[in-house]
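# Chain and residue survey
Residues per chain are reported as follows:
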Amino acid sequence: MATIYQWAVIGAGPAGIASVGKLLDNGIQAKDIVWIDPNFTVGDFGTRWRNVPSNTKVELFLKFLYASDAFDFKNCQEDFALKRAPVNKTCELRLMADPLQWVTHHLKEKVHAIQDIAETLKLDKRTWQIKLRHAEIQATNVILANGAEPKNLPLSAPPIIPLHIALDSENIKTACRSEDTIAVFGSSHSAVLILRNLIENCSVKRIVNFYQDQLLYAVYLNDWILFDDTGLKGPTAEWSRENLHGNLPDNLIRLHSNEENIEHYLPQCDKVIYAVGFNRRTLPVVDELAHMKYIEQTGIIAPGLFGLGIAFPEAKYNPFGMVEYRVGLWKFMDYLNRIMPVWLNYAP
Ligand SMILES: Cc1cc2nc3c(=O)[nH]c(=O)nc-3n(C[C@H](O)[C@H](O)[C@H](O)COP(=O)(O)OP(=O)(O)OC[C@H]3O[C@@H](n4cnc5c(N)ncnc54)[C@H](O)[C@@H]3O)c2cc1C
């Protein structure tokens with residue numbers, strides 16, 4: 001008879017890594033966990049965003065690594081640069097990606113890891129049937145941690161420079177010519193990093209930044225951070241204050257992203273970069289579940305089916321009553337600590 005795993009985790013980015021760690025910490029035996037990913041290289045965090053400066057301080061990355069006993073990071077002898085970095089400073093994301101790769105190898109040796117892509121999911125007799133590209137497996141509970149893709153806008157626009165190229169201070173140079181006018185949509189951390197990249201690393205003719213929302217800055221209060229998930233932080237916030245507050249560099253204009261401005265200015269641009277958020281990666285889920293939403297405070301999609309990570313972020317109200325979608329590695333871990341007792345008792 002085919003094995004029915006107690007838990008399947010789909011995706012091995014930071015959210016999948018945290019999920020496997022916390023299942024083990026909560027007493028689920030390694031033989032009862034199956035972990036699926038096509039690469040096991042720390043997801044987009046470990047591949048696409050390696051050369052992006054973090055908005056998180058080093059101490060929060062370290063807190064994540066020590067937060068799961070199953071990670072066994074306290075016994076890790078590798079001399080990772082993260083261990084030597086100043087704890088109250090930000091860093092390039094690769095400093096965190098390298099230890100996460102170490103944790104991935106460590107966890108893969110414990111649980112049953114399958115290098116494959118999950119294609120469909122179907123509930124049959126209270127068990128999830130997971131069709132992979134090359135096999136079929138069964139599990140009582142499933143955690144979807146399959147990440148998200150950058151959004152593009154449905155505009156008739158010039159060629160797109162993909163977000164991961166635009167955010168990389170080296171790669172962006174090869175995507176732009178000095179005679180180019182580049183459109184950048186957005187005003188988030190990513191959008192400001194891209195403006196800085198274009199201004200400091202590429203001498204393009206002109207940059208047109210179309211924005212919808214104001215620039216927000218994280219405010220560190222006694223025991224919480226206002227605009228923690230949406231606000232600019234660290235060196236990016238400093239750069240933004242120095243360059244975008246009525247003192248724009250000569251080759252940059254900022255325009256409200258309305259129809260009139262887009263119609264007038266976008267045709268003058270040679271390339272466009274969208275930094276306007278992310279869409280959840282879809283898994284062709286069979287039957288009525290395709291239309292079900294996840295509960296934003298618990299990650300529950302259905303009994304025995306849960307979502308975590310950038311695809312299913314926790315919605316949390318701050319003390320001023322504003323909702324923020326919590327995306328960040330330590331936030332995934334903190335959320336898991338609170339919701340795992342629910343997930344362990346919510347089988348089909
Ligand atoms: C520019 C930028 C800067 C950021 N800076 C920070 C920061 O400073 N600090 C911080 O904490 N966070 C930061 N983040 C957020 C953080 O990087 C993301 O939230 C995090 O990487 C999301 O992790 P994830 O595991 O949800 O998704 P991903 O990292 O995308 O991983 C998803 C995994 O699922 C796999 N997968 C997808 N589909 C399938 C399938 N069908 N079957 C099997 N596997 C599948 C993929 O191969 C991948 O390995 C930043 C994000 C961006 C974009």
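Our focus in this paragraph is the overall build of the protein. If you tally the helices and strands in the protein, you get 11 helices and 18 strands. Its C-alpha atoms give the protein a radius of gyration of 21 Å, within 12% of the compact-globule value 20 Å for 348 residues. For the protein, the spread of C-alpha atoms along the three principal axes comes to 70 × 45 × 40 Å. Per-residue burial for the protein yields a buried fraction of 51% across its 348 residues. Taking as baseline every contact in the protein between residues at least 6 positions apart, the subset at least 24 positions apart corresponds to 75%. Charged side chains of the protein number 35 positive and 39 negative; the gap between the two group centres comes to 2 Å.

Attention now moves to the nonpolar core. In terms of nonpolar packing, the biggest core is built from 79 residues, with Phe64, Leu198 and Trp343 touching the most fellow members. In terms of residues, this core owes the most to one element, helix H11 (residues 329–343), which gives 9 residues. Every residue in contact with Phe64, bar those within four places of it in the chain, is listed here: Pro14, Ala18, Phe71, Met96, Leu100, Leu329, Trp330 and Met333. By size, the runner-up hydrophobic cluster in this structure holds 22 residues, among which are Ile10, Leu121, Leu132 and Leu305.

Taken together, 36 residues lie near the ligand, and Asp37, Asn55, Thr56, Ala118 and Leu329 sit nearest. Ala15 is positioned with one of its backbone polar atoms (N or O) 2.9 Å from an oxygen atom of the ligand. Contact between the ligand and Asp37: an oxygen atom at 2.6 Å from a side-chain N or O atom of the residue. Where the shell around the ligand is concerned, the elements lending two or more residues are helix H1 (14–25), strand S2 (33–37), helix H2 (43–47) and H11. A total of 3 residues in the shell around the ligand trace back to one element, the largest contributor, which is H2. Classifying every residue of the shell around the ligand by side-chain character gives 21 nonpolar, 11 polar and 4 charged.

What follows deals with the domain arrangement of the protein. Considered domain by domain, the protein is made up of domain 1 (4–149 + 278–343) and domain 2 (152–274). The straight-line distance from the C-alpha centre of domain 1 to that of domain 2 is 29 Å. Every contact between the two is made by 19 residues of domain 1 and, on the other side, 16 residues of domain 2. When domain 1 packs against domain 2, the two sides together hide about 1500 Å² of surface, and 59% of this comes from carbon and sulfur. One can count 2 salt bridges joining domain 1 with domain 2.

Residues in a regular strand project their side chains so that they alternate between the two faces of the sheet. The alternating pattern of strand S18 (residues 323–326) places Glu324 and Arg326 on a buried face and Val323 and Tyr325 on a face that is not buried. Here 4 bridges tie strand S17 (residues 314–317) to S18, and the two strands are oriented antiparallel to one another. In the strand pairing of S18, Tyr317 is matched with Val323. A loop of 5 residues connects S17 with S18, the two strands running antiparallel in sequence, and Gly321 in this loop sits at a positive phi of about 85°.

Now for the pattern of salt bridges. The tally for this structure, following the rule as stated, stands at 22 salt bridges. For Arg50, the salt bridge goes to Asp98, with nearest N and O atoms at 3.0 Å. Of this pair, Arg50 sits in the loop between H2 and helix H3 (58–66) while Asp98 sits in helix H5 (residues 94–108), and the two are 48 residues apart along the sequence. A salt bridge links Asp79 to Arg84; its shortest N-O distance comes to 3.1 Å.

Our focus in this paragraph is the packing of H3 against H11. Axis separation between H3 and H11 bottoms out at 9 Å; the angle between their running directions is 40°. Judged by the inter-axis angle, H3 sits oblique to H11. Along this stretch, H3 crosses H11, giving a crossing that reads as left-handed. Together, Leu60, Phe61, Lys63 and Phe64 of H3 and Leu329, Trp330 and Met333 of H11 make up the contact between the two elements. Tallied by class, residues from the contact of H3 with H11 come to 6 nonpolar, no polar and 1 charged.

This paragraph deals with the sheet that holds strand S9 (residues 206–211). Read across the sheet, 4 strands follow the order S12-S9-S8-S13 without closing on themselves; strand pairing throughout is parallel. Strands with a single pairing partner mark the edges of an open sheet, and in this sheet they are strand S12 (252–256) and strand S13 (271–274). For this sheet, the mean angle separating the axes of adjacent strands, direction not counted, is 20°. Two elements, strand S8 (residues 181–185) and S9, share 5 bridges in a ladder whose sense is parallel. Looking at S9, one finds that Val184 is bridged to Asn209.

Next up on the list: unusual backbone geometry. With glycine set apart, most residues show a phi of negative sign, and most peptide bonds adopt trans. For Asp72, which is not a glycine, the phi torsion comes out positive at approximately 60°. Among the secondary structure elements, Asp72 is positioned in the loop between H3 and helix H4 (81–84).

Procedures and definitions
- Residues numbered from 1 in each chain as written.
- Predicted model: local features only at pLDDT ≥ 70, side-chain atom pairs only at ≥ 80, totals over all residues.
- Heavy atoms only, no water.
- Helix = DSSP H or I, 4+ residues; strand = E, 2+ residues; numbered from the N terminus.
- Rg over C-alpha atoms; globule rule 2.2 N^0.38 Å.
- Buried < 20%, exposed > 50% of the residue type's maximum accessible area, 1.4 Å probe, protein only.
- Contact = heavy atoms within 4.5 Å.
- Lys, Arg positive; Asp, Glu negative; His and termini not counted.
- Charge placed at Lys NZ, Arg CZ, Asp CG, Glu CD.
- Core = buried A, V, L, I, M, F, W, Y, C linked by side-chain atoms within 4.5 Å.
- Near = heavy atom within 4 Å.
- Polar contact = N/O pair within 3.5 Å; in protein donor to acceptor, adjacent residues only side chain to side chain.
- Nonpolar A, V, L, I, M, F, W, Y, C, P; charged D, E, K, R; others polar.
- Domains from an automatic or database assignment.
- Buried area = accessible area lost by both parts, 1.4 Å probe.
- Salt bridge = Lys/Arg side-chain N within 4 Å of Asp/Glu carboxyl O.
- Pairing = 2+ DSSP bridges.
- Axes fitted to C-alpha atoms, helices over the stretch in contact; angles between N-to-C directions.
- Parallel < 35°, antiparallel > 145°, perpendicular 65-115°, else oblique.
- Left-handed = near helix turned anticlockwise from the far one by under 90°.

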